[in-house]
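Residue strings, one per chain:
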Amino acid sequence: MASVFFLALLVITCTCVLASDHSPLQDFCVADHQSPVQVNGFACKDAKTVVGDDFFFKGLHIPGNTSNAVGSRVTPVNVVQIPGLNTLGISLARLDIAPWGINPPHLHPRASEILTVIEGQLLAGFVTSNPENRLISKVLKKGDVFVFPQGLVHFQRNIGNGYAVAIASLGSQNPGVITIANTVFGSNPDIASDVLAKAFQLDVKIVDQIQSKF
Ligand SMILES: *[C@@H]1O[C@H](CO)[C@@H](O)[C@H](O)[C@H]1NC(C)=O
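Here is what the cut-offs are and how they apply
Residues numbered from 1 in each chain as written. Predicted model: local features only at pLDDT ≥ 70, side-chain atom pairs only at ≥ 80, totals over all residues. Heavy atoms only, no water. UniProt positions renumbered as here; feature names shortened; annotations may be inferred. Helix = DSSP H or I, 4+ residues; strand = E, 2+ residues; numbered from the N terminus. Buried < 20%, exposed > 50% of the residue type's maximum accessible area, 1.4 Å probe, protein only. Pairing = 2+ DSSP bridges. Core = buried A, V, L, I, M, F, W, Y, C linked by side-chain atoms within 4.5 Å. Contact = heavy atoms within 4.5 Å. Salt bridge = Lys/Arg side-chain N within 4 Å of Asp/Glu carboxyl O. Domains from an automatic or database assignment. Phe/Tyr/Trp six-rings, centres within 6.5 Å; stacked < 30°, edge-to-face > 60°.

By the naming in an unreviewed UniProt entry, the chain goes by Germin-like protein and is assigned to Lithospermum erythrorhizon. Taken from UniProt, the Sequence similarities (unreviewed entry) comment for the chain reads in full: "Belongs to the germin family." If you open the UniProt record of the chain and go to Subcellular location (unreviewed entry), you find "Secreted, Extracellular space, Apoplast".

J.: I keep staring at unusual backbone geometry and nothing clicks. Help me out?
T.: Only a minority of non-glycine residues have a phi that is not negative, and only a minority of peptide bonds are not trans. Of note, the bond from N130 into P131 is cis; its omega dihedral lies within 30 degrees of zero at 0°. Going from N188 to P189, the amide bond is cis rather than trans, its omega being -5°. Phi at W100 takes a positive value of approximately 65°, unusual for a residue other than glycine. The residue W100 is located in the loop between strand 2 (91-97) and strand 3 (102-107) in this model. Taking the relative accessible area as the measure of exposure, W100 reaches 46% and is therefore partly exposed. Backbone geometry places Q201, a non-glycine residue, at a positive phi of 55°.

J.: Honestly, the sheet that holds strand 10 (residues 178-179) in this entry has me stumped. Any pointers?
T.: By way of backbone hydrogen bonds, the strands of a sheet pair with one another, either parallel or antiparallel. Taken in spatial order, the 5 strands line up as 6-5-8-3-10 in an open sheet, and their pairing is antiparallel. Only two strands of the sheet have a single partner each, and these edge strands are strand 6 (135-140) and strand 10.

J.: Can you walk me through the nonpolar core in this structure?
T.: Soluble globular proteins tend to pack their nonpolar side chains together in the buried interior. Core analysis: the largest hydrophobic core is formed by 17 residues, its most contacted members being L115, L122, L140, F146 and F148. Listing elements by their share of this core, those giving two or more residues are strand 2, strand 4 (113-119), strand 5 (122-127), strand 7 (145-148) and strand 9 (164-170). Counting residues per element, this core draws most heavily on strand 9, which supplies 4 residues. Excluding residues within four positions of it along the chain, L140 makes contact with L115, V117, G120, Q121, L122, A124 and F146.

J.: Sorry, what's going on with the UniProt feature "domain: Cupin type-1" (unreviewed entry) in the chain here?
T.: The UniProt feature table records "domain: Cupin type-1" (unreviewed entry) at residues 58-208. From the first C-alpha to the last, residues 58-208 spans 42 Å; its make-up is 13% helix and 38% strand.

J.: Hey, could you run me through the pattern of salt bridges in this one?
T.: Pairs may arise between side chains of opposite charge once their charged atoms sit close together. Counting across every chain of the model gives 4 salt bridges. With a shortest N-O distance of 2.8 Å, D54 and K45 are connected by a salt bridge. For D54, a relative accessible area of 8% translates into the label buried. In this structure K45 comes out as partly exposed when scored by relative accessible area, which is 24%. Measuring nitrogen to oxygen at the nearest pair gives 2.8 Å for the salt bridge that ties D96 to R94. Owing to a relative accessible area of 3%, D96 belongs among the buried residues under this scheme. Judged by relative accessible area, R94 falls into the buried class, the value being 8%.

J.: What should I look at first to understand the domain arrangement of the chain in this one?
T.: Accessible area lost when the parts come together is the quantity often used to give the size of an interface. Segmentation of the chain into domains returns domain 1 (23-176) and domain 2 (178-214). For domain 1 versus domain 2, the distance between C-alpha centres works out to 26 Å.

J.: Help me understand the packing of aromatic side chains, please; the structure alone is not making it clear to me.
T.: The geometry of two aromatic rings is summed up by the distance between their centres and the angle between their planes. Inspection of every chain in the model, using the stated rule, returns 4 aromatic pairs. Where F28 meets F55, the ring centres are 5.6 Å apart and the plane angle is 75°; that geometry is what we call edge-to-face. A residue pair is termed long-range when its members are at least 10 positions apart, and F28 in the loop between helix 1 (2-18) and strand 1 (72-77) and F55 in the loop between helix 1 and strand 1 qualify at 27 residues. Residue class for F28 comes out partly exposed when judged on its relative accessible area of 30%. Measuring from ring centre to ring centre gives 6.1 Å for F126 and F146, while their planes differ by 40°; the resulting arrangement is tilted. Here F146 lies in strand 7 and F126 lies in strand 5, a separation of 20 residues in the sequence. Accessibility assignment for this pair places F126 and F146 in one class, buried. One aromatic cluster in this structure is built from F126, F146 and F148.

Set out below in structure tokens:
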């Protein structure tokens, strides 16, 4: 009985430890994006040369351009934009969605996300893993906050007649994005259309048609 308890505790502990980036071993490790050194994350810039700008980003008040097929734009603020985020396990993004536009189904392989609606109304949802594949969704208004667990497919849709704006906070310096449609139908090179035809139970011609759009 005690060993079962210990095992359960171990599993829970490991899950928590693996749920975000590794802990830093120093005050900061500002990313040196030019360094040839290959590490998990980025090599540290010499701490003596670190300045305020290494921890700084400006312009998140500027709306993203939503004139595209899905009617949305994500403006990322991660370790690429702020080198000081290296090793800190956090990042954020601004999401703009035009009226009735969507942020298409996607997932973040390395982060959970907590989303705050700043303007407008969104329908937000995520789908649980196999075999249930349950859609868990919620209508969000200005000031509402919703969570997307790490690695689960999720989306947002603007359900209002005005623009919607939200700020996503993510538990990784580099959460990564896997957009389902682009990944599956727009890979380079293509996944063979008969594979996708079987997987999605579609005619090959329809798969070809979808692939041509990505
Ligand atoms: C927004 O994107 C569209 C399509 O790429 C482009 O034609 C348009 O000039 C952009 N608008 C602004 C304000 O940058």
